[in-house]
Amino acid sequence: MLKIINKLFNYFLEWYMAIIIFLILIVFWQLLSYFKLIEPWLLPSPIDIIKELINSKKFMFYHTGVTAIEVISGFSLAILLGSIFGLMMNLSKVLQKSLLPYIIASQVIPIFALAPILIVWFGAGFISKIIVVFLISFFPIVIGVFDGLKNYDTDMENLLKTMGANKIQIYLKLRIKLALPSLFSGIKVSSVSSVIGAVVAEWIGSKAGLGWIMKVSGPLFQTDRVFASILLLSIFASILFYVVKLIEINLSTINKGV
Amino acid sequence: MSFNFEENKTTTILGHSGCGKSTLLKLISGIIDPNEGTITVENTSERLGKIAYMQQRDLLFNWLTVKENAILPLRIMGTYKDFSDSDVLQKAKVLGIENILDYYPQQLSGGMKQRVAFLRTILQDSDFILLDEPFASLDAIRRLELYNWIENIKEKINKSFILVTHDIEEAIYLSDIVIIMLPGSNNFIHVKNITIPHPRKNAIITSEKFVKYKKQLLEELQNVKNY
């Protein structure tokens, strides 16, 4: 029991500044609308936002679910294909030379220009959203894998060779392990930008999702709803980020047992 | 040059830094191939996977536990299932590391890591073992301990060791045959047999015979310098 209290206290010591800043901002924000310094339709108070969240919780959570599915599908696809492409570019110089320019070029196209076309092609449903999420999160992952696989230790590879290891075993036992930190940097960057991708795509053309809520609620002056969506979106993005971080810690090649 | 390494003996290649000792081991192990001539093991020049090679760095994978590191060669060869854990434990015991099998390398001291690397090397199913100055990074007392452990384990396994070092005491302590390698040349000179019986204990380094060998080898090495 004492241990748990001690641990909580240590957490508090680490985080207390963040908590205090958060509380000050919230109180200040609440006071602004309490004294009617800012109209609620321009900036709803924190309590209004929470109220809106509770009143229309079914509606909000449904649309959060839609966005979450889009993000997770596109993001998973990006991790899968990003790893495969990164590995292929590492294995073959020809593939590297022929793929890399197109992968870079695909990043230069503004997603705002591409999304409407994708919606025309694939409709306003899930598929166009998944493609946008994929396109936005693919690049950091493929570069993360590609750069990570460049890390190698000649002595360790020689050691495996003297044990009779073939090329596949050298990749499985060593090179992929050495590539993990770089891969996870890419995945972490993507985990956040994939959420932005989904919202942008929903904004441009959709019938559901948090991006759609923001788009339709703004002009109706339902700012409390817009802010509630932003809140849910940041919570979802944070969870996604920390899940990735947790997996990274578990697979980590450094600091094991320390 | 032509040389045959004898079975079940420890042969030490002694030479100045930079005379190509490590390169020779790389050649023997099969990591690199010779420009001219041939190196054969068991009548074939296919050497990778047949010779265990302990390099200067311990090269432990820090994402694997000590035990996983030690059995890595068995995993690679796919022979782990034929191998019993008690065998691993028994050899770990001889090296004094049976209690740290579940630790990660970064939790260990330098001497412990070298012993783990040595365990991994002898667990590899090969008749020849190459040691490239494996104890150069350790202090004198740790080294003496390790020599002792190596002597103990050599009693238990039937393997041929080829050791590379520039440390004369290490060469005498561990080997049956000492070869001096000439810098910048293609020749070995002076093959010397060390006839102290095994297993040798730390006390031998002050014995009369040991000191005599040391004097002779030192003279040889100084002569080499004047070549």
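Residues numbered from 1 in each chain as written. Chains lettered and ligands numbered in written order. Predicted model: local features only at pLDDT ≥ 70, side-chain atom pairs only at ≥ 80, totals over all residues. Heavy atoms only, no water.

With that settled, consider the domain arrangement of chain A. Residues and elements named next belong to chain A. Domain annotation for chain A reports domain 1 (1-38) and domain 2 (45-251). Taken over C-alpha atoms, the centre of domain 1 sits 31 Å from the centre of domain 2. Roughly 410 Å² is buried in total at the junction of domain 1 and domain 2, and carbon and sulfur atoms are behind 73% of that figure. Our count for the contact surface shared by domain 1 and domain 2 stands at zero salt bridges. (Domains from an automatic or database assignment. Buried area = accessible area lost by both parts, 1.4 Å probe. Salt bridge = Lys/Arg side-chain N within 4 Å of Asp/Glu carboxyl O.)

So, about the layout of surface pockets. All names here are of chain A. The volume enclosed by the second largest pocket comes to roughly 330 Å³. Taken together, 19 residues make up the lining of the second largest pocket; nearest its centre are I79, S83, L183, F184 and I187. At the level of secondary structure, the elements contributing two or more residues to the lining of the second largest pocket comprise α3 (57-91), α8 (167-204) and α10 (223-251). Sort the elements by how many residues they give to the lining of the second largest pocket and α3 lands first, with seven residues. Partitioned by chemical class, the residues of the lining of the second largest pocket number 17 nonpolar, two polar and no charged. (1 Å grid on protein atoms, 1.4 Å probe; cavity = no way out; pocket = protein on both sides within 12 Å on 5 of 7 lines; lining within 4 Å. Points joined across faces, edges and corners; volume = space filled by probe spheres on them. Helix = DSSP H or I, 4+ residues; strand = E, 2+ residues; numbered from the N terminus. Nonpolar A, V, L, I, M, F, W, Y, C, P; charged D, E, K, R; others polar.)

This part is about the interface of chain A and chain B. Contacts between the two partners involve 23 residues from chain A, matched on the other side by 25 residues from chain B. Taken together, both faces of the contact between chain A and chain B bury some 2,100 Å²; the carbon and sulfur share is 64%. Across the pair A:D155 and B:R57 runs a salt bridge, and its minimum N-O distance is 3.0 Å. Counting across the chain A and chain B interface gives six residue pairs in polar contact (both at pLDDT 80 or more). Taken together, the elements giving at least two residues each to the side of chain A that touches chain B come down to α7 (154-162) and α8 of chain A. Top contributing element to the side of chain A that touches chain B by residue count: α7(A), with seven residues. (Contact = heavy atoms within 4.5 Å. Polar contact = N/O pair within 3.5 Å; in protein donor to acceptor, adjacent residues only side chain to side chain.)

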